[in-house]
Amino acid sequence: MDQQHQSEFQSSQFNRRAEDQYQRRAADGGPPHGPSNSDLMEAIKELQGMMKVVHTAFPRNDLGEPDFAGHRADHVARIAAARNVEGYKVKMTERALVGIVAVLFTLFATGAGEHVKRVVFGG
Amino acid sequence: MYGKTTGEVLNRIVGIMTKTQKLVHGLSRALWDSDLVGTRVSLSIAEFLWGVMLIWPGDTFDRPTYHVMAKVMPEDAWGFLLLLSAATQITIVMLESYTVMFARLFAAWNATLWTFLCVSMVMSVYPPPAAVGGEFALALAAIWVWLRPFVLHDIYRKAYGSATSI
């Protein structure tokens, strides 16, 4: 287990309780080696309960299992779609700006520039 | 550019392009990501003031600017129509019911109303009065309020259709 996951495991509630039980047994003069079999079974049952709760957060796939891969695929698809949406919006804005600049350029090219010169310089 | 290395020139071009992209992104967010509540409130206030001024005693439609509008309806009728439109618009804002069918239909009506007001004034007199610039801006705003949901719907349909998944 790498350091990050080890620290996460150590900070989990389950492990804190196991640690408390170990310290109590050591204080009572009991074996210093760690939790007993019954403690382990209790911990496993608690973990199984937590996993059941986590599984209810995921829809079922065609095999009736929690669709973990589908959940990830859905997130990937949504992130890609959101990026596409931003791309479309920026593209349409660019096209609108280019259109406006093109219209202004055409106006100046077809004589509006002459009119402005006449007004400004009186020529 | 005289005396500068190619690298410096390219860096400058890239810098300008990056700033341009930032401007485009900023404008894109203003157009697409802003809510249109302020726009609707402005349209409502403008319609209210138009209505009040048309109902005001005196013949506003005697002026040549309103020649086309006068042929369609009398001045007071236009006034009441605009006041009704203003009341409807502000009600939509207060109820925050922007996406219901009635609000969408009203947005189409509102865009038509403002476009007609602008076109009729431009057709009545030449050159067009300078103040009609404000009305043109409001007409564009009303058209955007109507049109943007359709364009966004199309964008989302294309984006979700082309998004790949594993």
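Residues numbered from 1 in each chain as written. Chains lettered and ligands numbered in written order. Predicted model: local features only at pLDDT ≥ 70, side-chain atom pairs only at ≥ 80, totals over all residues. Heavy atoms only, no water.

1. What to know about the overall build of chain A
Link 1 in the chain: A count of helical and extended segments in chain A gives four helices and zero strands.
Link 2 in the chain: Ordered by position from N to C terminus, the α and β elements of chain A give α-α-α-α.
Link 3 in the chain: Looking at chain A residue by residue over its 123 residues, the buried ones come to 14%.
Link 4 in the chain: Contacts in chain A between residues at least 24 apart in sequence constitute 10% of all its contacts with a sequence separation of at least 6.
Link 5 in the chain: Only carbon and sulfur atoms are counted for the fraction: they give 61% of the accessible area of chain A, which is about 9700 Å². (Helix = DSSP H or I, 4+ residues; strand = E, 2+ residues; numbered from the N terminus. Buried < 20%, exposed > 50% of the residue type's maximum accessible area, 1.4 Å probe, protein only. Contact = heavy atoms within 4.5 Å. Areas by Shrake-Rupley, 256 points an atom, 1.4 Å probe, with all protein chains shown as cover.)

2. Examining helix H2 (residues 37–55) of chain B
Residue and element names in this part refer to chain B.
Link 1 in the chain: Taking 1.5 Å per residue as the helical rise, H2 with its 19 residues ought to reach 27 Å, and the 27 Å between its terminal C-alpha atoms agrees with that figure.
Link 2 in the chain: All buried positions along H2 are accounted for by Arg-40, Leu-43, Ser-44, Ala-46, Glu-47, Trp-50, Gly-51 and Leu-54. Across the axial projection of H2, the buried residues extend over an arc of 165 degrees, all falling on one side. (Expected span 1.5 Å × (residues − 1). Arc of directions from axis to C-beta.)

3. Digging into the confidence of the model for chain B
Link 1 in the chain: Counting all residues, the mean pLDDT for chain B is 89, and 95% of those residues have values of 70 or more.
Link 2 in the chain: Our summary of model confidence lists the complex with pTM equal to 0.70 and ipTM equal to 0.71. (pLDDT = per-residue confidence, 0-100.)

4. Examining the nonpolar core
Link 1 in the chain: Trp-50, Met-69, Trp-78, Trp-114 and Leu-117 of chain B are the most contacted members of the largest nonpolar core, which totals 22 residues.
Link 2 in the chain: Put simply, the parts of the chain that give this core at least two residues each are H2, helix H4 (75–95), helix H5 (101–124) and helix H6 (132–162) of chain B.
Link 3 in the chain: Of all the elements, H5 of chain B adds the most residues to this core, at seven residues.
Link 4 in the chain: Residues within four places of Trp-114 of chain B in sequence aside, it is in contact with Leu-43, Ala-46, Glu-47, Trp-50, Glu-135, Leu-138, Ala-139 and Ala-142 of chain B.
Link 5 in the chain: Counting six residues, the second largest nonpolar core, distinct from the first, contains Val-85 of chain A together with Trp-32, Val-151 and Leu-152 of chain B. (Core = buried A, V, L, I, M, F, W, Y, C linked by side-chain atoms within 4.5 Å.)

5. Comments concerning the confidence of the model for chain A
Link 1 in the chain: Mean pLDDT over chain A: 82, with 83% of residues reaching 70 or higher.
Link 2 in the chain: Helix H3 (residues 37–55) of chain A holds the highest mean pLDDT among the elements of chain A, 90, whereas helix H1 (residues 3–10) of chain A holds the lowest, 61.

6. Remarks on the environment of Ile-55 of chain B
Residues and elements named next belong to chain B.
Link 1 in the chain: Along the polypeptide, Ile-55 turns up in helix H2.
Link 2 in the chain: Given a relative accessible area of 30%, Ile-55 falls into the partly exposed group.
Link 3 in the chain: Between the C-alpha atoms of Ile-55 and Val-122, which are 67 residues apart in sequence, the distance is 22 Å.
Link 4 in the chain: Contact partners of Ile-55, with chain neighbours within four places excluded, come to Asp-76, Gly-79, Phe-80 and Leu-83.

7. Topic: the side chain of Glu-75 of chain B
Residue and element names in this part refer to chain B.
Link 1 in the chain: Tracing the sequence through the fold places Glu-75 in helix H4.
Link 2 in the chain: Although Glu-75 is buried, it makes no salt bridge; Arg-63 carries the closest opposite charge, 7.5 Å away.
Link 3 in the chain: In this view, Glu-75 contacts Leu-54, Trp-56, Gly-58, Asp-59, Thr-60 and Phe-61; residues no more than four positions away in its chain are not counted. (Lys, Arg positive; Asp, Glu negative; His and termini not counted. Salt bridge = Lys/Arg side-chain N within 4 Å of Asp/Glu carboxyl O.)

8. Looking at the packing of aromatic side chains
Residue and element names in this part refer to chain A.
Link 1 in the chain: Taken as a whole, this structure holds nine aromatic pairs over all chains when the rule is applied.
Link 2 in the chain: Summarising the aromatic geometry, the rings of Phe-58 and Phe-68 are spaced 4.8 Å apart at their centres and angled 70 degrees between planes, so their arrangement reads as edge-to-face. Separated by 10 residues along the polypeptide, Phe-58 in the loop between H3 and helix H4 (68–121) and Phe-68 in helix H4 bring together distant segments of the chain.
Link 3 in the chain: Judged by relative accessible area, which is 39%, Phe-68 ranks as partly exposed. (Phe/Tyr/Trp six-rings, centres within 6.5 Å; stacked < 30°, edge-to-face > 60°.)

9. Describing the interface of chain A and chain B
Link 1 in the chain: Between chain A and chain B, the residue contacts involve 16 residues of the former and 20 residues of the latter.
Link 2 in the chain: For the pair chain A and chain B, the summed buried area comes to about 1600 Å², and 71% of that belongs to carbon and sulfur atoms.
Link 3 in the chain: Seen at the junction of chain A and chain B, the total is one salt bridge.
Link 4 in the chain: Here Asp-33 of chain B makes a salt bridge to Lys-89 of chain A, at a shortest N to O gap of 2.8 Å.
Link 5 in the chain: The interface formed by chain A and chain B includes five residue pairs in polar contact (both at pLDDT 80 or more).
Link 6 in the chain: Taken together, the residues that form the side of chain A that touches chain B break down as 10 nonpolar, two polar and four charged. (Buried area = accessible area lost by both parts, 1.4 Å probe. Polar contact = N/O pair within 3.5 Å; in protein donor to acceptor, adjacent residues only side chain to side chain. Nonpolar A, V, L, I, M, F, W, Y, C, P; charged D, E, K, R; others polar.)

10. What about the packing of H4 of chain B against H5 of chain B?
All names here are of chain B.
Link 1 in the chain: At a minimum axis distance of 11 Å, the contact between H4 and H5 shows a crossing angle of 140 degrees. Considering their axes alone, H4 and H5 lie oblique with respect to each other. In the crossing of H4 with H5, the sense of the turn from one axis to the other is left-handed. Listed contacts from H5 to Trp-78, Leu-81, Leu-82, Ser-85, Thr-88, Gln-89 and Ile-92 of H4 are Phe-102, Ala-103, Phe-106, Trp-109, Asn-110, Leu-113, Phe-116 and Leu-117. (Axes fitted to C-alpha atoms, helices over the stretch in contact; angles between N-to-C directions. Parallel < 35°, antiparallel > 145°, perpendicular 65-115°, else oblique. Left-handed = near helix turned anticlockwise from the far one by under 90°.)

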